[in-house]
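This is what each chain is made of:
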Amino acid sequence: LVVQPRVLLLDEVSSGLDFETERALVARLPSIAEGRTVLMVTHRAECLRVATRILVLAAGRVVEDGSPSSLAVRGGYFARLVGEPPKEVIRAAE
């Protein structure tokens, strides 16, 4: 980044990128985010996994709020997006 903003808005940052470029970008996201607030709008699961907090919107309303790991086990929108098994399957396996 040329400037070091305190807040960074990334709107579909990986849209239109090939797989390798997207992987390289996702690998750099933690260092890009260091020391600043990052608001990321994305439909790409890989970008979401580096977040510390996720707000899932549906029909203009927040329907889920939490860390990637906590949302993944709830079996909701986020879990379906990242391909996590429903929480009933996780509990049965324990």
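Throughout what follows, the structure given in this document is the object of discussion.

Criteria and cut-off values
- Residues numbered from 1 in each chain as written.
- Predicted model: local features only at pLDDT ≥ 70, side-chain atom pairs only at ≥ 80, totals over all residues.
- Heavy atoms only, no water.
- Helix = DSSP H or I, 4+ residues; strand = E, 2+ residues; numbered from the N terminus.
- Buried < 20%, exposed > 50% of the residue type's maximum accessible area, 1.4 Å probe, protein only.
- Contact = heavy atoms within 4.5 Å.
- Areas by Shrake-Rupley, 256 points an atom, 1.4 Å probe, with all protein chains shown as cover.
- Core = buried A, V, L, I, M, F, W, Y, C linked by side-chain atoms within 4.5 Å.

### Focus on the overall build of the protein
Across its full length, the protein carries five helices and four strands. Element order for the protein, N to C, with α for helix and β for strand: β-α-β-α-β-β-α-α-α. Relative to its 94 residues, the protein shows a buried fraction of 27%. Sequence separation of 24 or more characterises 39% of the internal contacts of the protein that already satisfy a separation of 6 or more. Entry remark: accessible area of the protein is about 6700 Å², with carbon and sulfur atoms responsible for 56%.

### Thoughts on the nonpolar core
With eight residues, the main nonpolar core is built from Ala45, Leu48, Ile54, Val56, Leu71, Ala72, Phe78 and Val82. The set of elements that each furnish at least two residues to this core consists of α2 (45-48), β3 (54-58), α3 (68-72) and α4 (77-82). Once residues within four sequence positions are removed from consideration, leucine 71 is found in contact with Ile54, Val56, Glu64, Asp65, Gly66, Phe78 and Ala79. Leu8, Val26, Leu29 and Ile32 belong to the second largest nonpolar core, which has seven residues in total.

### Focus: the environment of valine 56
Mapping valine 56 onto the fold places it in strand β3. With relative accessibility at 14%, the residue valine 56 sits in the buried group. C-alpha separation for the pair valine 56 and tyrosine 77, spaced 21 residues apart in sequence, amounts to 7.4 Å. Excluding residues within four positions of it along the chain, valine 56 makes contact with Arg61, Val62, Val63, Glu64, Leu71, Tyr77 and Phe78.

### Considering the side chain of glutamate 22
Note on placement: glutamate 22 falls in helix α1 (residues 19-33). Those residues in contact with glutamate 22 that sit more than four places away from it in its chain are Ser14, Leu17, Arg44, Glu46 and Cys47.

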